[in-house]
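# Observations on the three-dimensional arrangement
So the chains spell out like this:
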Amino acid sequence: MEEKTGLFVSADRLSEYALQTLQKKRAVFAFSFEETSFAPVRIFAFGDIAGILSALRKENVSSLAVIGRISPSSVFKEGIHPSGKEFLAGETRWKGEDLMSGVDSVMERAGIRVLPLTEILRDIIACEKVYTSRKPGEGELADIRTGMSLLDRIMDFRAGQAVAVRKGMIVAVEGMEGTDSMIRRAGECCPGFTVVKMAGRKKDGRFDLPAVGPATAQNMAMARAGVLAVEAGKTILLDEEKTVSICEK
């Protein structure tokens, strides 16, 4: 039986891209906790780790990539599958990467290797460059440095991957609500702010790399933001041409 790569997806453009990219190279078993419009995938109850493991064995999956998004608040909600509750009960820290490291341990014991996202998405990882025709000004560069400094200090807490800065003032820090919600919140305070998004030195490249795309750029336009700065080599830039086009406009 042909060995396959498992791919956990969610109903978003990044998952669609990852599935299409992987399918060109290998056999893929795609699964999710929700219905998707871009491909037929196996649906499991939220947190059904036992069911997923059983299916991975039956499908002869030897490697796994986790691209799908799960809201951090989901682990506090009712309706989690019993095997998921059992897993959470054995985890003392519920930070996203701690939980994913626990999942990695479960997969390792089952003989399944978790692949780095940088390996399967290398073609859409942001480079060190200015993507738009307008370069950031000195004040904006200073705000980028301020945002980087703050994120570097709070990364251990995994409070979020993004921060909004305006003239040296911290306008908003991302929490579990996500970057887009933080951008909208910052837009209520002041126009012209800079958004800095980073993975950080200790970020595990197998799980939840920071990602930006057309929706990010559109949200920034609506919130009247001025600059988006992301960490080169560690950030997914989805639909680059469309994203840059929105920023240019």
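Before reading further, recall that the structure is shown in the block above.
Once a new chain begins, its residue numbering starts again from 1 and follows that chain's sequence as written. Confidence filtering applies because this is a predicted model: local features only for residues at pLDDT of at least 70, side-chain atom pairs given and counted only at 80 or more, and all residues used for totals across whole chains, interfaces and linings. Note that water and hydrogens are dropped before the side-chain values are worked out from all heavy atoms of the structure.

### Describing the sheet that holds strand 5 (residues 113–114)
- Pairing between two strands is assigned when DSSP locates at least 2 bridges connecting them. Here a helix means four or more residues in a row that DSSP labels H or I, a strand means two or more in a row labelled E, and each is numbered from the N terminus. In space, the five strands of this open sheet follow the order 3-2-1-4-5, with parallel pairing throughout. In the strand order of this sheet, the two ends are held by strand 3 (42–43) and strand 5, each with one partner.
- When strand 1 (residues 4–8) meets strand 2 (residues 28–32), the two strands line up parallel, connected through four bridges. Its bridge partner being in strand 2, G6 is matched across the sheet by F29.
- Across the sheet, helix 2 (residues 49–58) is in contact with strand 2, strand 3 and strand 4 (61–66); its angle to strand 2 comes to roughly 165°. Only heavy atoms matter for contacts: two residues are in contact if any of them lie within 4.5 Å across the pair. A fitted line through C-alpha atoms serves as each axis, taken over the contacting stretch for helices, and the angle formed by two N-to-C directions is quoted from 0 to 180°.

### Side note on the sheet that holds strand 10 (residues 227–230)
- If you trace the four strands from one edge of the open sheet to the other, you get 7-6-8-10, paired in mixed fashion. Because the sheet does not close on itself, it has two edges, and the strands there are strand 7 (169–173) and strand 10. Averaged over all neighbouring strand pairs, the angle between strand axes comes to 25°, with direction disregarded.
- Each of strand 6 (162–166), strand 7 and strand 8 (194–197) touches helix 7 (residues 179–187); the most contacted strand, strand 7, lies at about 135° to it.

### Some thoughts on the pattern of salt bridges
- Salt bridges are defined as contacts in which a side-chain nitrogen from Lys or Arg sits within 4 Å of a carboxyl oxygen from Asp or Glu. Taken as a whole and assessed by the stated rule, the structure comprises seven salt bridges.
- Note that E59 and R42 form a salt bridge whose closest N and O atoms lie 3.4 Å from each other. Of this pair, E59 sits in the loop between helix 2 and strand 4 while R42 sits in strand 3, and the two are 17 residues apart along the sequence.
- For E59, a relative accessible area of 16% corresponds to the buried category.
- By relative accessible area, which is 36% here, R42 ends up partly exposed. Each residue's exposure class comes from its accessible area (1.4 Å probe, protein chains only) as a fraction of the maximum for that residue type: buried when under 20%, exposed when over 50%, partly exposed otherwise.

### Some thoughts on helix 3 (residues 82–89)
- All of the buried residues in helix 3 are S83, G84, F87 and L88. Take helix 3 and look down its axis: the buried residues cluster within an arc of 140°, on one side only. Of the residues in helix 3, the exposed ones pointing more than 90 degrees away from the buried face are P82, E86 and A89. By construction, the arc corresponds to the directions joining the helix axis to the C-beta atoms.

### Considerations on the layout of surface pockets
- In this structure, the second largest pocket encloses a volume near 1000 Å³.
- Considering the residues around the second largest pocket, the lining is formed by 36 residues, among which Y131, T132, V227, L228 and A229 are closest to the centre.
- Mapped by element, the contributors of at least two residues to the lining of the second largest pocket are helix 6 (138–154), strand 8, helix 8 (214–222), strand 10 and helix 9 (240–248).
- For the lining of the second largest pocket, the element with the most residues is helix 9, which contributes five residues.
- Residues are grouped as follows: Ala, Val, Leu, Ile, Met, Phe, Trp, Tyr, Cys and Pro are nonpolar; Asp, Glu, Lys and Arg are charged; every other residue, Gly included, is polar. Classifying every residue of the lining of the second largest pocket by side-chain character gives 24 nonpolar, three polar and nine charged. Lining residues are those with an atom within 4 Å of a point, where the points come from a 1 Å grid over the protein atoms alone and group into cavities, where a 1.4 Å probe fits but cannot get out, or pockets, open sets with protein on both sides within 12 Å along at least five of seven lines. Grid points are joined across faces, edges and corners, and a volume is the space filled by probe spheres set on the points.

### Focus on the packing of helix 7 against helix 8
- Relative orientation of the contacting elements helix 7 and helix 8 amounts to 10°, with a least axis distance of 9 Å. The orientation of helix 7 relative to helix 8 falls into the category roughly parallel. On helix 8, the residues touching D180, I183 and R184 of helix 7 are A215, T216, N219 and M220.
- Class assignment of the residues belonging to the contact of helix 7 with helix 8 gives a composition of three nonpolar, two polar and two charged. Angles below 35 degrees are treated as roughly parallel, those above 145 as roughly antiparallel, those between 65 and 115 as roughly perpendicular, and all remaining angles as oblique.

### What about helix 2?
- Restricting attention to buried positions, one finds in helix 2 the residues I49, I52, L53, A55 and L56. Taken around the axis of helix 2, the buried residues stretch over an arc of 165°, which confines them to a single face. Exposed and facing more than 90 degrees away from the buried side of helix 2 are R57 and K58.

### Describing unusual backbone geometry
- Unlike most non-glycine residues, N60 shows phi in positive territory, near 60°.
- For N60, the location among the structural elements is in the loop between helix 2 and strand 4.
- Phi is positive for R224, close to 65°, though the residue is something other than glycine.
- By the secondary structure assignment, R224 is in the loop between helix 8 and strand 10.

### Quick word on the packing of aromatic side chains
- For Phe, Tyr and Trp, where Trp contributes only its six-membered ring, two rings pair if their centres lie within 6.5 Å, and the inter-plane angle classes them as stacked under 30 degrees, edge-to-face over 60, or tilted in between. According to the stated counting rule, one finds five aromatic pairs in the structure shown.
- With 5.8 Å between their ring centres and 25° between their planes, F29 and F31 make a pair best called stacked. Here the two residues F29 and F31 agree in accessibility, since each one is buried.
- Centre to centre, the rings of F33 and F46 are 5.1 Å apart; their planes meet at 65°, and the pair counts as edge-to-face. Separated by 13 residues along the polypeptide, F33 in the loop between strand 2 and strand 3 and F46 in the loop between strand 3 and helix 2 bring together distant segments of the chain.
- Residue classification places F46 among the partly exposed positions, given a relative accessible area of 26%.
- Three or more aromatic residues joined by ring pairs form one cluster here, namely F8, F29, F31, F33, F44 and F46.

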